[in-house]
Amino acid sequence: MRPQKLRILLPLSLMTVSLLSGCGGNRVNPYTVDFSLDISGAKVNFWGPFGADNNAIVEDLIAVFEEQTGVDVVYESKGSYDQLKQAIDLSATSQTYPHLTLGYPDHFAGYVRSNIIVRLDYYFESGGTYAYGDYNEADRTYAMTDFYEDYMVENQSIEMKSETEGWTLGVPFNKSTEIMTINKTFFDWAVTQNPEITVPATWDEVAAVGPKITTLLQPFFGKVIGSDGLAYANAQAAADAGQTVVLDMTNASANLFRPLSYDSQANLFITTVRQNGGTYTEIDYTSGKGYLAYNSEETVEGLQRLRDLFDDKVLGVPKLWEESKYSSGPFKDVMAVMAIGSTAGVQNNAPAGNKFTLSAAPIPYVDASRKYVISQGTNLALLDRGTEQERVAAWRLLQFLSKYANAEFVQRSGYFPSCEYAENDPDYQDFLANPGFSTTEKIKAEVAKVNSNVYIDDDENWIKFVDAPFVGSAYVRNEVAAIPEALFFTEATIQQILDNSYANMPEYVR
Amino acid sequence: MNRITKFILGLGVFVLLPLSGCDGPLPTCLELDDPDTLLSTPVTDSFKLPQESLYATRQFTQADGNGMMLGAATLKSTTDGDTANFEVSGYSETVRLRFLGINTPESTAKVEPWGKKASIFVKNILETAHTVVLINDVNLFGERDSSGNRFLGFIWYKPSADADFRLLNLEIVEQCFSRNFLFTESSITPYRDKFEEAEARGLECGYRVHGAADPGYDYSTNVEEPTIRYLRDHYDEYGITEGGSSGKQLIISGLVVGQMGDSMVLRDITDVDEVTGEYCSMYAYAGYNTALASVVTVGDVIKIYCRATMYNNNIQLSDLKTNTTGRQKIEWLAISPTSPILEQVYPAAQYPDGDPRYVNYPTDTSAYEMDSADFGAYSDFAPFSGYVVSTFVTIRYVTPFTDDEVEEGTGDDEQYYFKKDDNDNMTIYGKSEGFDSEDKPLYLNLRVSGECYPYPSETLFVVGRTYRVVGYLAAYFERYQVQLFNNTPGSNYITDVTNA
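Here goes a summary of the coordinates provided.

How each quantity is defined
- Residues numbered from 1 in each chain as written.
- Chains lettered and ligands numbered in written order.
- Predicted model: local features only at pLDDT ≥ 70, side-chain atom pairs only at ≥ 80, totals over all residues.
- Heavy atoms only, no water.
- Helix = DSSP H or I, 4+ residues; strand = E, 2+ residues; numbered from the N terminus.
- Rg over C-alpha atoms; globule rule 2.2 N^0.38 Å.
- Buried < 20%, exposed > 50% of the residue type's maximum accessible area, 1.4 Å probe, protein only.
- Areas by Shrake-Rupley, 256 points an atom, 1.4 Å probe, with all protein chains shown as cover.
- Lys, Arg positive; Asp, Glu negative; His and termini not counted.
- Charge placed at Lys NZ, Arg CZ, Asp CG, Glu CD.
- Contact = heavy atoms within 4.5 Å.
- Polar contact = N/O pair within 3.5 Å; in protein donor to acceptor, adjacent residues only side chain to side chain.
- Arc of directions from axis to C-beta.
- Buried area = accessible area lost by both parts, 1.4 Å probe.
- Salt bridge = Lys/Arg side-chain N within 4 Å of Asp/Glu carboxyl O.
- Nonpolar A, V, L, I, M, F, W, Y, C, P; charged D, E, K, R; others polar.
- Disulfide = S-S within 2.5 Å.
- Pairing = 2+ DSSP bridges.
- Patch = residues over 30% accessible without salt bridge, like charges linked within 9 Å, V, L, I, M, F, W, Y side chains within 5 Å.
- Axes fitted to C-alpha atoms, helices over the stretch in contact; angles between N-to-C directions.
- Parallel < 35°, antiparallel > 145°, perpendicular 65-115°, else oblique.
- Phe/Tyr/Trp six-rings, centres within 6.5 Å; stacked < 30°, edge-to-face > 60°.

So, the overall build of chain A
Line of reasoning, step 1. Summing up its helical and strand segments, chain A has 19 helices and 15 strands in all.
Line of reasoning, step 2. A globule of 510 residues ought to have a C-alpha radius of gyration of about 24 Å, and chain A, at 24 Å, matches this closely.
Line of reasoning, step 3. Expressed as lengths along the three principal axes of its C-alpha atoms, the size of chain A is roughly 80 × 50 × 40 Å.
Line of reasoning, step 4. A buried classification covers 58% of the 510 residues belonging to chain A.
Line of reasoning, step 5. For chain A, the computed accessible surface area is about 18,900 Å², with 47% contributed by carbon and sulfur atoms.
Line of reasoning, step 6. Side chains of chain A give 38 positive and 66 negative charges; the mean places of these two sets differ by 2 Å.

Some words on the overall build of chain B
Line of reasoning, step 1. The number of helices and strands found in chain B is seven helices and 22 strands.
Line of reasoning, step 2. Taking the principal axes of its C-alpha atoms as reference, chain B extends roughly 75 × 60 × 45 Å.
Line of reasoning, step 3. The buried share among the 500 residues of chain B stands at 55%.
Line of reasoning, step 4. Taking as baseline every contact in chain B between residues at least 6 positions apart, the subset at least 24 positions apart corresponds to 65%.
Line of reasoning, step 5. Accessible area for chain B stands at about 21,200 Å²; split by element, carbon and sulfur atoms hold 47% of it.
Line of reasoning, step 6. Of the charged side chains in chain B, 39 are positive and 72 negative, and the gap between their average positions amounts to 3 Å.

Quick notes on the environment of Ser369 of chain A
Residue and element names in this part refer to chain A.
Line of reasoning, step 1. Within the fold, Ser369 resides in the loop between strand E13 (358–361) and strand E14 (371–382).
Line of reasoning, step 2. As a C-alpha pair, Ser369 and Tyr280 span 89 residues in sequence and 18 Å in three-dimensional space.
Line of reasoning, step 3. A distance of 2.6 Å separates the side chain of Ser369 from the side chain of Asp367, its partner in a polar contact.

A look at helix H15 (residues 426–433) of chain A
All names here are of chain A.
Line of reasoning, step 1. Those residues of H15 not exposed but buried are Tyr428, Phe431 and Leu432. Down the axis of H15, the smallest arc covering the buried residues is 100°, so these residues share one side. Exposed and facing more than 90 degrees away from the buried side of H15 are Pro426, Asp427 and Ala433.
Line of reasoning, step 2. Next to the buried residues of H15 lie helix H13 (406–413), helix H14 (420–423) and helix H16 (439–455).
Line of reasoning, step 3. Of the residues flanking the start of H15, the one acting as N-cap is Asp425, its side-chain oxygen 2.8 Å from the backbone nitrogen of Asp427.

Comments concerning the interface of chain A and chain B
Line of reasoning, step 1. Each partner contributes to the interface: chain A provides 36 residues, whereas chain B provides 37 residues.
Line of reasoning, step 2. When chain A packs against chain B, the two sides together hide about 2,800 Å² of surface, and 55% of this comes from carbon and sulfur.
Line of reasoning, step 3. In this assembly, chain A and chain B are joined by one salt bridge.
Line of reasoning, step 4. Among the ionic pairs, Arg179 of chain B bridges to Glu76 of chain A, the shortest N-O distance being 3.4 Å.
Line of reasoning, step 5. On inspection of chain A and its partner chain B, the count reaches 10 residue pairs in polar contact (both at pLDDT 80 or more).
Line of reasoning, step 6. Elements with a minimum of two residues in the side of chain A that touches chain B: helix H1 (52–69), strand E2 (72–77), helix H2 (81–92), helix H8 (235–240), strand E7 (245–248) and H16 of chain A.
Line of reasoning, step 7. With four residues, H2 of chain A is the single largest residue contributor to the side of chain A that touches chain B.
Line of reasoning, step 8. Among the residues forming the side of chain A that touches chain B, the class breakdown is 12 nonpolar, 15 polar and nine charged.

Focus on the state of the cysteines
Residue and element names in this part refer to chain B.
Line of reasoning, step 1. Tallying each qualifying case throughout the model produces one disulfide over all chains.
Line of reasoning, step 2. With a sulfur-sulfur separation of 2.0 Å, Cys29 is cross-linked through a disulfide to Cys205. The sign of the S-S torsion, about -80°, decides the handedness of the disulfide formed by Cys29 and Cys205: left-handed. With a gap of 176 residues between them, Cys29 in the segment before helix H1 (42–46) and Cys205 in helix H5 (residues 192–205) connect regions that are remote in the sequence.
Line of reasoning, step 3. Classification of Cys29 by relative accessible area gives partly exposed; the value is 34%.
Line of reasoning, step 4. No disulfide involves Cys280; its sulfur sits 15 Å from that of Cys306, the nearest cysteine.

A look at the sheet that holds strand E6 (residues 231–232) of chain A
Residue and element names in this part refer to chain A.
Line of reasoning, step 1. Pairing is antiparallel across the open sheet formed by three strands, whose spatial order is E6-E5-E7. Looking at strand neighbours, the two that pair on one side only are E6 and E7, the edges of this open sheet.
Line of reasoning, step 2. Here strand E5 (residues 224–226) pairs with E7 via three bridges, running antiparallel. Along E7, the bridge assignment pairs Val224 with Asp248.

Details of the side chain of Asn45 of chain A
All names here are of chain A.
Line of reasoning, step 1. With respect to the secondary-structure elements, Asn45 resides in strand E1 (residues 43–48).
Line of reasoning, step 2. Judged by relative accessible area, which is 15%, Asn45 ranks as buried.
Line of reasoning, step 3. There is a polar contact of 3.3 Å between the side chain of Asn45 and the side chain of Arg385.
Line of reasoning, step 4. What Asn45 contacts, discounting residues up to four positions off in sequence, is Val74, Pro98, His99, Leu100 and Arg385.

A closer look at the pairing of strand E3 (residues 100–103) of chain A
Residue and element names in this part refer to chain A.
Line of reasoning, step 1. By the alternation rule, side chains of E3 split into Leu100 and Leu102 and Thr101 and Gly103, which are all buried.
Line of reasoning, step 2. Where E1 lies against E3, two bridges are found, and the strand directions are parallel. Bridged to Trp47 within E3 is Thr101.
Line of reasoning, step 3. Sheet topology places E3 next to E14; four bridges connect them, and they run antiparallel. In the sheet register, Leu100 faces E14, and the bridge partner there is Leu382.

A closer look at helix H18 (residues 482–489) of chain A
Residues and elements named next belong to chain A.
Line of reasoning, step 1. Among the residues of H18, Ile483, Pro484, Leu487 and Phe488 are the ones counted as buried. For H18, the arc enclosing every buried residue in end-on projection is 120°, short of the 170-degree limit, so these residues lie on one face.
Line of reasoning, step 2. Structurally, H18 contributes buried residues whose contacts are with helix H9 (265–275), helix H10 (297–311), strand E11 (315–316), helix H17 (473–480) and helix H19 (494–504).

Some thoughts on a negative patch on the surface
All names here are of chain A.
Line of reasoning, step 1. A cluster of acidic residues, Asp308, Asp311, Asp312 and Glu491, forms a negative patch on the protein surface.
Line of reasoning, step 2. Here Glu491 is to be found in the loop between H18 and H19.
Line of reasoning, step 3. Take Glu491: its relative accessible area is 79%, and that puts it in the exposed class.

Side note on the packing of H9 of chain A against H18 of chain A
All names here are of chain A.
Line of reasoning, step 1. Relative to each other, H9 and H18 sit at 90°, their axes nearing to 7 Å. With respect to each other, H9 and H18 are oriented roughly perpendicular. For the pair formed by H9 and H18, the contact residues are Gln265, Leu268 and Phe269 on the first element and Ile483, Pro484, Glu485 and Phe488 on the second.
Line of reasoning, step 2. Classifying every residue of the contact of H9 with H18 by side-chain character gives five nonpolar, one polar and one charged.

Observations regarding the packing of aromatic side chains
Line of reasoning, step 1. On inspection of all chains with the given rule, the structure shows 65 aromatic pairs over all chains.
Line of reasoning, step 2. Summarising the aromatic geometry, the rings of Tyr404 of chain A and Tyr421 of chain A are spaced 5.5 Å apart at their centres and angled 70° between planes, so their arrangement reads as edge-to-face. On the criterion of sequence distance, the pair formed by Tyr404 of chain A in helix H12 (residues 388–404) and Tyr421 of chain A in helix H14 is long-range, its members being 17 residues apart.
Line of reasoning, step 3. A residue is classified by how much of its surface remains accessible, and Tyr404 of chain A, at 8% relative accessible area, is buried.
Line of reasoning, step 4. Given the relative accessible area of 23%, Tyr421 of chain A is considered partly exposed.
Line of reasoning, step 5. Consider the rings of Tyr417 of chain B and Phe418 of chain B, whose centres lie 5.1 Å apart with planes at 70°: the pair is edge-to-face.
Line of reasoning, step 6. By relative accessible area, which is 16% here, Tyr417 of chain B ends up buried.
Line of reasoning, step 7. Look at Phe418 of chain B and you get partly exposed, because its relative accessible area is 25%.
Line of reasoning, step 8. An aromatic cluster of at least three residues, connected via ring pairs, comprises Phe35, Tyr122, Tyr123, Phe124, Tyr142, Phe147 and Trp395 of chain A.

Have a look at this one:
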């Protein structure tokens, strides 16, 4: 099914209403550049956050751009998102930041404060044609409407030009969300043992099916499931009895088994607030300051469900298994058979040695009217630097990466298309249809299909949300990650936990 | 300059290049005749460890009230240019440490320019260091990296007992094996300015990672297609040394004769080794999360894109291109009748006898019989190195904390016969049937990757009993070890023959 436009969740915050201003000194005015300039020979610096795998992809794409345009691109990874932001913050004082960067909306909020980010509205209006490369003429237009609306809104809610309209500060590049990875081998077998054991779609279904899963597996902890449905000490013992191994659970223990794991405690909390009808944070329309808004009945109700699931040994988080951030290790040891985590890291759930196969499903929701799933990933932005020629060249690189090279980037990296041009790319569609044979290749394609056919399909009513960025929103996000931990590992009441959370962040309490 | 640091990088002789003061004009950039030449390190030389009086009484894994983690550590192994494993007294697990403030090029599952040289540089320093102290500001940087598996920290080391401590992370930047990645300031580790200072010369002169070509890395897009035997015997033609890898793109065709998790051993399908009359084989490291074993199985004949590196004196394949689609996809020259994807490649309805091409290739996966009874020295194992061998191993006790190198144990308290790390990588201590000139057994340990599935558990072995094992014989420092395969039922890789 052809993906529909995404819906907007972001509250249209009215942050500081500011006027377009010059960027000072004798530098080039970024809002009068001439897009007819010959950019061949220009040198553009581009900073990113990626590791080796994605850097290799970006470098390949840059090579294509360089061949198309004659521009010399100096790409440099700062190793992580945090380090990228730190490097740009540091370089802002010496004006040694790059022409083009990637970043989250809250990063861009900081760059607005340091007055180094360029508003892209003029660029879309005056430079909205990409004349390079071998593309159909109809595809050479480059407009804001090319991109999925959710992804644009998060870039247009940072600096407002009026009470209802924001400047465009970024363009989506590498987008991801959360997904539920399924141990397909287990579920294929389990349904033959108990037809009620199916992949849950709602949290109520999670609560219902979880104990059934644990009950079914009770005889098999520390053993292997034979093809006759009996428990054997190991694969050799099963073979000696003439059976093949359905699922190896020799590393799984009964007391630490949880049917479902959830990687990110911050996402678990924020999504729970949303799915239960609550509000996470809100922004003062006049000051642009962000405030906590999650201490509500809706949040209490959602957290009570999570606590019940944890206490009933249905839900686990990495800390339960003494893991710091991810539950892929326990999942591969069959300490869980469903794992919610970032789509960008789904390949980490692929076990070595062909131990079991995987599939993917949307995360559970509470109510069909609030099917919220978080949107993640970063955006491209121009920084206020360089000659007129360099600025035009940087804009052309932004255009190329965000639209014309996006299909190849997402296909190779596992991120999602940022625009329909990439989504409809024949090679990308072929990738979805023919992903290859390996468990890793297949799960990446399955995840992409869940995104294309479920999350961004209007008929499915999913809403990808991004919380409005404000200065300090990343700090708040880090702090609320402690809420599920207190919920699961302390005796405090839910109200006490929420009150304590507010008390720890008084500067964000109205 | 208070000292001259010497490192062994390939030729082992280096020239220290002059550098003017960092507050003065930028230095004249020099042509490095030998890319292994170590640069002078005035910034590192002049920087001192402020907490030198504290480390002896502290433990790195326990942060104080200010968030300072500090303490001595003993090197266990290095992984690459920015990660190493340490033993910390009072902490039962291995401290896997990701170095803060740097990010060296890849050198393990992937190979990037300067990666191997960075790795060797760090290895040589840490393996010869007299004292190592780890420090971190946990409040600022956090305790662990994004994977959650590695501690974060800075490494101060003393090259000798009477030398000053040197900050290794800073030295790596000053030697231009990494760009500066320290962008924040810490009250506990106030190093940021030093890192910027240390990077300045490299940036100006374009040394190493700042723009110089790694002469040991092949940047060409040409793809070579040697046999495994040719690669083993002529690795120097491909620029592979212990001090560096060419990064040259290779296509290797081979028969899959064993698997360790997703990694595997490939055996030539042409080009018999004239010395042994056998086909050569080579370990191919798949890296993490490739799920290669979901498509490749023992008995397949495949063609795969990869690169080659040297690790512990063994040539191995790495940076495998594991996708089954795309420009550099794996190709099946012939597919095993037991392949999990046989039905997709050669549907039984159309090919009831399986892959019709199978007759075109040697598909015997049996092991090379290695009789060690007549061996009198470790060098006698050498001709079998890199082969899948079948041989006898008797399990033995070892003395704790000596890694079995000193004496064979007796089985008293605190003796053990296997050792397993956090990632389930395991060594089972064994001996071959041979004896050296002093009538001491020639040790032959078994190595199990934590990725193996089914996992050959230590419970399969009993001290004093003798086993016929089938595995990949690889050099391990001056000795050899047998790397065991996925213990698939019916494979008969491990057989108790004590009473046979």
